[in-house]
Each structure stands twice: as structure tokens, then as C-alpha cells.
Amino acid sequence: QVQLVESGGGWVQPGGSLRLSCAASGFTFSMFLMSWYRQAPGKERELVAGISRTGGSITYADSVKGRFTISRDNAKNTVYLQMNSLKPEDTAVYYCNAKWSATDSNYWGQGTQVTVSS
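Residues numbered from 1 in each chain as written. Predicted model: local features only at pLDDT ≥ 70, side-chain atom pairs only at ≥ 80, totals over all residues. Heavy atoms only, no water.

Colleague: Any chance you could break down the pairing of strand β3 (residues 18-25) for me, citing the residues and the numbers?
Modeller: Of the strand pairs in this sheet, strand β1 (residues 3-7) and β3 are connected by five bridges, and their pairing is antiparallel. Pairing of Glu6 across the sheet is with Cys22, part of β3. (Pairing = 2+ DSSP bridges. Helix = DSSP H or I, 4+ residues; strand = E, 2+ residues; numbered from the N terminus.)

This is the structure we're talking about:
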């Protein structure tokens, strides 16, 4: 059974930090591109950051470059998102995604709420 379980969300003041984790099970984690997406109320889901199988290729949305860092630990089947200098506009539900195009596999977690406000 495929599972992606996000954790680490919560409330933080502007300028603060949070670290999201996504624990994967039920599939071969190291074969999958892992990404974090977010969806704010009334907006479409958007890509925040993605990391290749080995971590050698990483991409970020322009809005988070220099503030967020994605990483993965294939031994622990976990992907992380370190979020620093958080802004109110970062408020959203953050989703973990696993994708392997060669097998047309695409999995989503349930999401974790991040709220940035004073």
C-alpha cells in the first residue's frame, strides 16, 4: 500500500522557520522524483520544489528560491523541505508528491497546513 505521510506543518510568525517531512512507503522511493507542492485558498496547486532520484538535480519556484531547501534521504525513504524566512504568502497546504514517469506512477500525500501570520 502506497503511503506518503507529511508532517512538520503548523503556525509560525513571519520570518520564522519550519521543516516539513514526507515519509514514504509501499513503493521504491529511490526510483521516484520527489516534489513539494502547495495550494493556498482559492488558488491552484503549484510546484514549490523538486528533487531527482539521487538529489543531483533540484528545482525551486522563483518565489521560494534562497529561502527553501529540499532534500531527500533514500535510506530513510523520506523527503524534506526546510523553509526559512517564511512570509504570509507562504501560507498553504503543502503536499508531497512522488512521480516515476516511466511507469506512469504519481502519488500524493494528504497534505500538511502551514500558516504564517503574526
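Colleague: Lay out the nonpolar core with the relevant residues and their values.
Modeller: Met34, Trp36, Val79, Leu81, Met83 and Tyr94 are the most contacted members of the largest nonpolar core, which totals 29 residues. Among the secondary structure elements, those contributing two or more residues to this core are β3, β4 (33-39), β5 (46-51), β7 (68-73), β8 (78-83), β9 (92-100) and β11 (112-116). (Core = buried A, V, L, I, M, F, W, Y, C linked by side-chain atoms within 4.5 Å. Buried < 20%, exposed > 50% of the residue type's maximum accessible area, 1.4 Å probe, protein only.)

Colleague: Break down the sheet that holds β1 for me, citing the residues and quoting the values.
Modeller: Pairing between the strands of a sheet comes from backbone hydrogen bonds, and it takes one of two forms, parallel or antiparallel. In spatial order, the strands read β1-β3-β8-β7; together these four strands make up an open sheet with antiparallel pairing. The open sheet is flanked by β1 and β7, the only strands paired with a single partner. Between one strand axis and the next, the sheet turns by 15 degrees as a mean value, whatever way the strands run. (Axes fitted to C-alpha atoms, helices over the stretch in contact; angles between N-to-C directions.)

Colleague: An account of the pattern of salt bridges is needed here, citing residue identities and associated values.
Modeller: Considering all chains together, one arrives at four salt bridges under this definition. Note that Arg38 and Asp90 form a salt bridge whose closest N and O atoms lie 2.9 Å from each other. With Arg38 in strand β4 and Asp90 in the loop between β8 and β9, this residue pair connects regions lying 52 residues apart in the sequence. Asp62 is the salt-bridge partner of Lys65, the closest N and O atoms lying 3.1 Å from each other. In this structure, a network of salt bridges that share partners links the residues Arg38, Glu46, Arg67 and Asp90. (Salt bridge = Lys/Arg side-chain N within 4 Å of Asp/Glu carboxyl O.)

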